[in-house]
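# Summary of structural features
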Amino acid sequence: MAYQTESLEGRVALVMGASGVIGSSVARALAREKARVYVHYNSHELEAQKVREEIEQYGAFAALVKADVTNDEQLQELFKLIEKESERLDVMVYSTGLKITGVLGKMDREEEQKVMNVNYRGAVRTTEHAKRLMRKNEFGRLIYIANML
């Protein structure tokens with residue numbers, strides 16, 4: 001039995017952390033499948049620009065979006081932009097996070113709080129915004145990729 005996938009042509013995708021190795025690969029793959037891709041970054045703008053340029057070489061739509069996932073105002077603006085430009089969101093891939101540099105259970109409170117804010121709370125807040133847009137067209141896929149350990 002052959003595995004069938006649905007077409008992504010015309011779908012709108014947001015890849016959080018698209019300036020990183022995994023996120024950039026996901027963004028390129030979505031674009032090759034003809035999805036409109038929003039390339040998210042927070043601090044690695046040059047890497048995100050390269051991803052956008054590669055996607056545009058496929059003849060696909062790509063736009064850079066910058067937001068700190070710990071800042072709800074920035075997240076609101078990011079999703080307002082997507083809604084204004086594309087009127088929908090079909091796929092959100094959360095591939096952003098902080099690498100845990102200390103030993104689990106032995107991190108200082110400040111590092112632990114920072115990791116929790118990005119890796120957990122950032123994912124939850126981003127999901128809340130994504131779900132709102134996905135409900136409008138009664139379709140959505142949420143994908144989470146973690147590679148911090």
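Note that the structure is predicted; figures quoted are calculated from it, not measured.

## Here's the deal with the environment of Asn119
Examined against the element boundaries, Asn119 turns out to sit in helix α4 (residues 109-136). When the C-alpha atoms of Asn119 and Ile55 are compared, they prove to be 26 Å apart, with 64 residues separating the residues in sequence.

## Quick notes on helix α2 (residues 45-57)
Compared with the 18 Å implied by 1.5 Å per residue over 13 residues, the 18 Å span of α2 between its first and last C-alpha is a close match. Listed as buried for α2 are Ala48, Val51 and Ile55. Down the axis of α2, the sector holding all buried residues measures 55°, keeping them to one side. Structural note: α2 exposes Leu46, Lys50 and Gln57 on the side pointing more than 90 degrees away from its buried face. The inward-facing, buried residues of α2 abut α1 (21-32), β2 (36-41) and β3 (62-66). Downstream of α2 by a residue or two, Gly59 has a phi angle that is positive, lying close to 85°.

## So, the pattern of salt bridges
Counted by the stated rule, this structure contains seven salt bridges. Arg11 serves as the salt-bridge partner of Asp90, at 3.5 Å between the closest nitrogen and oxygen. Here Arg11 lies in the segment before β1 (12-16) and Asp90 lies in the loop between α3 (72-86) and β4 (91-94), a separation of 79 residues in the sequence. Taking the shortest distance from any N to any O, the salt bridge between Arg88 and Asp90 comes out at 2.8 Å. Among the residues examined, Asp90 registers a relative accessible area of 0% and is labelled buried. Through salt bridges that share partners, Arg11, Arg88 and Asp90 make up one connected network.

## Structural notes on unusual backbone geometry
One non-glycine residue, Glu87, lies in positive phi territory at about 65°. Mapped onto the elements of the fold, Glu87 is located in the loop between α3 and β4. The exposure class of Glu87 is exposed, given its relative accessible area of 61%. Backbone geometry at Glu138 places phi at a positive 55°, although glycine is not the residue there. Tracing the sequence through the fold places Glu138 in the loop between α4 and β5 (141-144).

## Notes on the side chain of Ser86
Assignment of secondary structure puts Ser86 in helix α3. For Ser86, a relative accessible area of 11% translates into the label buried. Only 2.7 Å separates the side chain of Ser86 from the side chain of Tyr38, close enough to count as a polar contact. Beyond its immediate stretch of four places on either side in the chain, Ser86 contacts Val12, Arg36 and Tyr38.

Analysis parameters
- In every chain, residue numbers begin from 1 and rise along the written sequence.
- The predicted origin of the model limits local features to residues at a pLDDT of at least 70 and limits the giving and counting of side-chain atom pairs to 80 or more, whereas totals for whole chains, interfaces and linings rest on all residues.
- Side-chain descriptors were evaluated using all non-hydrogen atoms of the structure, hydrogens and water having been removed beforehand.
- Strands are runs of DSSP state E lasting at least 2 residues, helices are runs of H or I lasting at least 4, and numbering of each runs from the N terminus.
- The span one expects for a helix is its residue count, reduced by one, times 1.5 Å.
- Three exposure classes are used, based on accessible area relative to the maximum for each residue type with a 1.4 Å probe and protein chains only: buried under 20%, partly exposed in between, and exposed over 50%.
- Directions from the helix axis toward the C-beta atoms define the arc.
- It only takes one pair of heavy atoms within 4.5 Å for two residues to be counted as in contact.
- Any Lys or Arg side-chain nitrogen found within 4 Å of a carboxyl oxygen on Asp or Glu counts as a salt bridge.
- Whenever a nitrogen or oxygen atom comes within 3.5 Å of another N or O atom, the pair is scored as a polar contact, on the condition that within protein one atom can donate a hydrogen and the other can accept it, and that pairs from neighbouring residues in sequence are kept only if both atoms are in side chains.

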